[in-house]
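Examination of the molecular architecture
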Amino acid sequence: MNRFFLALSFCFFSGWLVVNAQTTVKKPLSVGDFAAWEVLNNPAVSNDGKWVAFEQNPQKGDGMLVVKSIDSKKVDSLARGFDARFSPESDFIAYKIRQPEDSVRSAKKRKVKKELMPKDSLGILVFKKHKVYTFANLKQFALPKENARWVAFLTDMKKPEKKEEKETAKKPESKKPVKKSSDISDEQKNQLVLFHPLSGDTVSFQNVTEYYYAPLGHS
């Protein structure tokens, strides 16, 4: 009787192993599975250790910048964000915003000139306000190592052609040639903007060719 019971138990246990092995067999990975994977890039931690940020990008398509608070469940997913930098005082994070991949691909197919291609934008998330500010046509931005009360960045100046065209239309007898945007150098198109994240104030300087931000942020 005991032998019969042991034999029956062994058969049951063996059968259970076979069934369990069959149910735990995983599906082999395919090329489509790899394409669906997302990659985490460029992790960063704020100086006070209360915030972390990283890029979450798919193999193809638009990614996002994830900003998470360590001491709470607050998470911000910022569409197409990348190249993020926390302020030295850990009160905001500045980052670039890519144009949608479809827009860039469409412009390339239409063979748009390099200077007319869709440009990145600047995004600034202020933690205390939980507010995001964005600025279009970004060329570059800078933060000092300390005392980052202002964010400095270069953008394209607003095009004045429409106003000049209106003035020319009002005075058809004028023979003075209208200066087209293509006649303006890249340096003359640059606009330096200083942005104060905590107050939202901005100060702009036209036709800037070069600027320098002191490491301590005083000038």
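Here's a quick rundown of the structure. All of these numbers come straight from a predicted model, not from anything done at the bench.

What counts and how
- Residues numbered from 1 in each chain as written.
- Predicted model: local features only at pLDDT ≥ 70, side-chain atom pairs only at ≥ 80, totals over all residues.
- Heavy atoms only, no water.
- Helix = DSSP H or I, 4+ residues; strand = E, 2+ residues; numbered from the N terminus.
- Buried < 20%, exposed > 50% of the residue type's maximum accessible area, 1.4 Å probe, protein only.
- Contact = heavy atoms within 4.5 Å.
- Areas by Shrake-Rupley, 256 points an atom, 1.4 Å probe, with all protein chains shown as cover.
- Salt bridge = Lys/Arg side-chain N within 4 Å of Asp/Glu carboxyl O.
- Pairing = 2+ DSSP bridges.
- Phe/Tyr/Trp six-rings, centres within 6.5 Å; stacked < 30°, edge-to-face > 60°.
- Axes fitted to C-alpha atoms, helices over the stretch in contact; angles between N-to-C directions.
- Polar contact = N/O pair within 3.5 Å; in protein donor to acceptor, adjacent residues only side chain to side chain.
- Core = buried A, V, L, I, M, F, W, Y, C linked by side-chain atoms within 4.5 Å.

1. Examining the overall build of the protein chain
Within the protein chain, the secondary structure is distributed over five helices and twelve strands. Expressed as a percentage of the 219 residues in the protein chain, the buried residues total 27%. Counting contacts in the protein chain only where the partners sit at least 6 residues apart, residues at least 24 apart contribute 46% of the total. For the protein chain, the accessible area works out to roughly 15,800 Å², and carbon and sulfur atoms hold 57% of it.

2. A few points about the pattern of salt bridges
In the structure shown here, the tally under the stated rule is six salt bridges. For the salt bridge of Arg 85 with Asp 83, the shortest nitrogen-to-oxygen distance reads 3.3 Å. Close ionic contact of Asp 156 with Lys 139 constitutes a salt bridge, the shortest N to O distance being 3.1 Å. In this pair, Asp 156 sits in strand β10 (residues 151-156) while Lys 139 sits in strand β9 (residues 138-142), placing the two residues 17 residues apart along the sequence.

3. Focus: the pairing of strand β8 (residues 131-135)
When a strand is regular, its side chains alternate between the sheet's two faces. Bridge count for strand β7 (residues 121-126) against β8 is five bridges, and the pairing is antiparallel. Bridged to Leu 125 within β8 is Val 132. Here β7 folds back onto β8, and the loop between the two strands holds four residues, one of which, His 130, carries a positive phi near 50 degrees.

4. Things to note about the packing of aromatic side chains
Using the criterion set out here, one finds five aromatic pairs in the structure. Arranged with centres 6.3 Å apart and planes meeting at 40 degrees, the rings of Phe 86 and Phe 127 form a pair that is tilted. One end of the pair, Phe 86, is in strand β5 (residues 81-86); the other, Phe 127, is in the loop between β7 and β8, and 41 residues separate them in sequence. Exposure remark for Phe 127: the relative accessible area of 10% places this residue in the buried category.

5. Quick look at the sheet that holds strand β12 (residues 201-206)
Taken in spatial order, the four strands make up an open sheet running β9-β10-β11-β12, and their pairing is antiparallel. Two strands in the sheet have a free side with no partner beyond their single neighbour: β9 and β12. On average, each strand axis in the sheet is inclined to that of its neighbour by 20 degrees, with strand direction left out of account. The pairing of β9 with β10 spans four bridges and is classified as antiparallel.

6. Comments concerning the pairing of β7
Counting buried positions along β7 gives six out of six residues, so the element sits mostly inside the fold. Neither face of β7 is left uncovered, since the one carrying Ser 121, Gly 123 and Leu 125 and the one carrying Leu 122, Ile 124 and Val 126 both have all their residues buried. Sheet topology places strand β6 (residues 92-97) next to β7; six bridges connect them, and they run antiparallel. Bridged to Lys 96 within β7 is Leu 122.

7. Brief notes about the side chain of Ser 87
For Ser 87, the location among the structural elements is in the loop between β5 and β6. Among the polar contacts listed, one links the side chain of Ser 87 to the side chain of Asp 91, at a separation of 2.5 Å. Apart from residues lying up to four places away in sequence, Ser 87 is in contact with Asn 47, Phe 92, Leu 143 and Ala 148.

8. Regarding unusual backbone geometry
Comment: phi is negative for the bulk of residues other than glycine, and the bulk of peptide bonds are trans. The phi angle at Asp 83 is positive, at roughly 50 degrees, despite the residue not being glycine. Relative to the elements of secondary structure, Asp 83 occurs in strand β5. Of the residues examined, Asp 83 reaches a relative accessible area of 26% and is grouped as partly exposed.

9. Regarding the environment of Ala 84
The topology assignment puts Ala 84 in strand β5. Leaving out residues up to four positions away in the same chain, Ala 84 has contacts with Leu 65, Ile 93, Ala 94 and Tyr 95.

10. Concerning the nonpolar core
Within the largest apolar cluster, 15 residues are counted, with the highest numbers of intra-cluster contacts made by Phe 92, Leu 122, Ile 124, Phe 135, Phe 141, Val 151 and Phe 153. At the level of elements, β6, β7, β8, β9, β10 and β11 (190-196) are the ones that each hand at least two residues to this core. If we skip the residues at most four places from it in the chain, Phe 135 touches Ser 121, Leu 122, Ile 124, Phe 153, Phe 195 and Thr 202. Listed in part, the eleven residues of the second largest apolar core include Trp 51, Ala 53, Val 67 and Leu 78.

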